[in-house]
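Reading the structure
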Amino acid sequence: MPLVQVDLPRALFDQKAVEIGRELQAAFVEAACVPPNDKFQIFRPRDAGEIVFDPTYDEVDRRDLMIIQILMVHHYPVDQKRALYANMVNRLVEIGIRKEDILIAVTENGFEDWYAGQLYGK
Amino acid sequence: MPLVQVDLPRALFDQKAVEIGRELQAAFVEAACVPPNDKFQIFRPRDAGEIVFDPTYDEVDRRDLMIIQILMVHHYPVDQKRALYANMVNRLVEIGIRKEDILIAVTENGFEDWYAGQLYGK
Amino acid sequence: MPLVQVDLPRALFDQKAVEIGRELQAAFVEAACVPPNDKFQIFRPRDAGEIVFDPTYDEVDRRDLMIIQILMVHHYPVDQKRALYANMVNRLVEIGIRKEDILIAVTENGFEDWYAGQLYGK
C-alpha cells in the first residue's frame, strides 16, 4: 500500500497528471512487485511561489521541480529502492519530464500502520 | 501531539469537515487517551483528478476516497492502533461516510521531534 | 536534503512566504550545517477551516497557526534538533510571527530514501 503524494506545478498537473500517475504506478509494479490496482495517489497542484528550491544544489540544473513523496511499508532492500527510483525517473523522462526536475523522498512505516477500507479480522 | 492530515474531495470538505474533525479527535480521546484539546488537523480539499485510486484493490468497493494521514509519537501497541482505526471508522460511518472510502496511514516519530508553541526548558 | 512543508493561513503566505522560506533555510544552515543551496520547501496556503486546532492545548495562546513539517535524514542528536527548532522560532519571531502560532513536526528517513535529480552511481 504505497501512498504517493505529488506536489507539482499546476501547469504540469493540467498537462500530464494522468500520465504521471500511470507511470509512477507502473514503476511500482515493475520494480517493487506492487499489485497494479494497489494504487493510492494524491496530486497537489502548486501555484507560483509554493515550491521553493535552489536550482544549483548538488550541481543539478533544476528548473521546474516536482516533489514526489512516497509513504510505504519498511520492507525493501536499498538496491530495490534505488531501482524503483530509477524506474520512476526513466518513465517520467519518457513522458517529457526532465530528470533534474524530480525530487523523490521516501518515508516508511509498518504493516500495522494502515487501514484501507476494511477492518482486518472482521 | 498527533497531527492529522486529511486529503478529501472538496464537496465532502464543504459538507462535513467540522464533523469529521470532531469525530477524528473524539476517536483519539477515546481510543488513544489523547487530551481533548491536543487537536491539530489539516484539511486539504481536493478537486477532480487529485485523488487517484483503483476502486478494486483488495476487493473493497471504493467510490469517493478520503485519505487520513496521522503523524504521532511511536508509543502505542499494535492492538491499540487497530482500536484507534476502528473507532475512527465507526465514527465516520455514523456521520455518513462509507467505511470503504477511508484510507488511514500512520507515520511515527519521537517526543523530541515536536515543537508546539513553546521551547521546552524555557 | 531536508524537505520542509509549511501549511499556513493564505494571508500569511501572501504577506510573508518569501521571508519565512529564507529564515527557515537560514536556521538549517546555522543550526544543522546544511548547505545554503540545499533548499527544498513546499508552501501550502490554507483557507478558512482547513487548519483546525484547539487554542488552549498545553496552555499556549494559539491564534493563527502555521504548521511546519520537516522530513530529513535521521542524523542529528536531540540537542541539535532542539537548537534547530529554537533557531527557527527565533527567526520567525523576528519577522513578526508569534512563537505560539508555530507547530514543528519532524519525520526522519535514511540517506537511501532520496533521489534529487540524478541517479547516484551514474
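Look a little higher up for the structure.
A few points on the structure. Keep in mind that what you see is a predicted model, and the values were worked out from it rather than measured.

1. Describing the nonpolar core
Residue and element names in this part refer to chain B. In this structure, I20, F28, M66, I68, L92, I102 and I104 are the most contacted members of the largest nonpolar core, which totals 31 residues. Those elements giving two or more residues to this core turn out to be β1 (3-9), α1 (10-32), β4 (66-73), α2 (78-94) and β5 (102-109). When residues in this core are grouped by element, the largest group, 9 residues, is from α1. Each residue touching L92, except ones within four places of it in the same chain, is listed here: I20, L24, M66, I68, I97 and I102.

2. Quick look at the relation of the copies chain B and chain A
Between chain B and chain A, which share one sequence, the superposing operator has a rotation angle of 120 degrees and an axial displacement of 0.0 Å; the RMSD is 0.0 Å. Between the two chains, the operation in question is that of a three-fold axis. Minimal C-alpha distance to the rotation axis in chain B is attained by T107 of chain B, lying at 4.6 Å. Here only 6% of the interface residues in chain B have copies in chain A that are interface residues too; the copies meet through unlike faces.

3. With respect to the interface of chain B and chain A
Across the boundary between the two partners, chain B contributes 33 residues, which contact 26 residues of chain A. Here chain B meets chain A over a buried area of about 2600 Å², counting both sides, of which 57% is carbon and sulfur. Taken together, the connections running from chain B to chain A amount to 2 salt bridges. The salt bridge partner of D7 of chain B is R44 of chain A, with a shortest N-O separation of 2.9 Å. Counting every contact that joins chain B to chain A gives 17 residue pairs in polar contact (both at pLDDT 80 or more). Counting only elements with at least two residues in the side of chain B that touches chain A, the list comes to β2 (40-46), β3 (51-53), β4, α2 and β5 of chain B. Take the side of chain B that touches chain A: its biggest share by element is 7 residues, from β5 of chain B. Here strand β6 (residues 114-116) of chain A pairs with β5 of chain B via 3 bridges, running antiparallel. Bridge pairing links A116 of chain A to L103 of chain B in β5 of chain B.

4. Let's talk about the environment of A17 of chain A
Residue and element names in this part refer to chain A. On the secondary structure map, A17 appears in helix α1 (residues 10-32). Counting along the chain gives 28 residues from A17 to P45, while the straight-line C-alpha distance between them is 9.5 Å. Not counting residues within four places of it along the chain, the set of residues in contact with A17 comprises L12 and F43.

5. Details of the packing of α1 of chain A against helix α2 (residues 78-94) of chain A
Axes are the key here: two packed helices are described by the angle between their axes and the distance separating the axes. All names here are of chain A. Running from amino to carboxyl end, α1 crosses α2 at an angle of 150 degrees, the nearest separation of the two axes being 9 Å. The two elements α1 and α2 meet at a crossing, and its hand is right-handed. Side by side, α1 and α2 meet where I20, E23, L24, A26, A27, F28, E30, A31 and A32 of the first sit next to Q80, A83, L84, N87, M88, R91 and L92 of the second. Tallied by class, the residues present in the contact of α1 with α2 amount to 11 nonpolar, 2 polar and 3 charged.

6. Some details on the environment of I97 of chain C
Residue and element names in this part refer to chain C. Looking at the element boundaries, I97 is found in the loop between α2 (78-94) and β5 (102-109). Expressed as a C-alpha distance, the spacing of I97 and L65, which sit 32 residues apart in the sequence, is 9.7 Å. Ignoring sequence-local partners within four residues, the contact set of I97 consists of L12, I20, M66, L92 and I102.

Quick notes on the rules
- Residues numbered from 1 in each chain as written.
- Chains lettered and ligands numbered in written order.
- Predicted model: local features only at pLDDT ≥ 70, side-chain atom pairs only at ≥ 80, totals over all residues.
- Heavy atoms only, no water.
- Core = buried A, V, L, I, M, F, W, Y, C linked by side-chain atoms within 4.5 Å.
- Buried < 20%, exposed > 50% of the residue type's maximum accessible area, 1.4 Å probe, protein only.
- Helix = DSSP H or I, 4+ residues; strand = E, 2+ residues; numbered from the N terminus.
- Contact = heavy atoms within 4.5 Å.
- Least-squares fit on C-alpha atoms with pLDDT ≥ 70 in both.
- Buried area = accessible area lost by both parts, 1.4 Å probe.
- Salt bridge = Lys/Arg side-chain N within 4 Å of Asp/Glu carboxyl O.
- Polar contact = N/O pair within 3.5 Å; in protein donor to acceptor, adjacent residues only side chain to side chain.
- Pairing = 2+ DSSP bridges.
- Axes fitted to C-alpha atoms, helices over the stretch in contact; angles between N-to-C directions.
- Left-handed = near helix turned anticlockwise from the far one by under 90°.
- Nonpolar A, V, L, I, M, F, W, Y, C, P; charged D, E, K, R; others polar.

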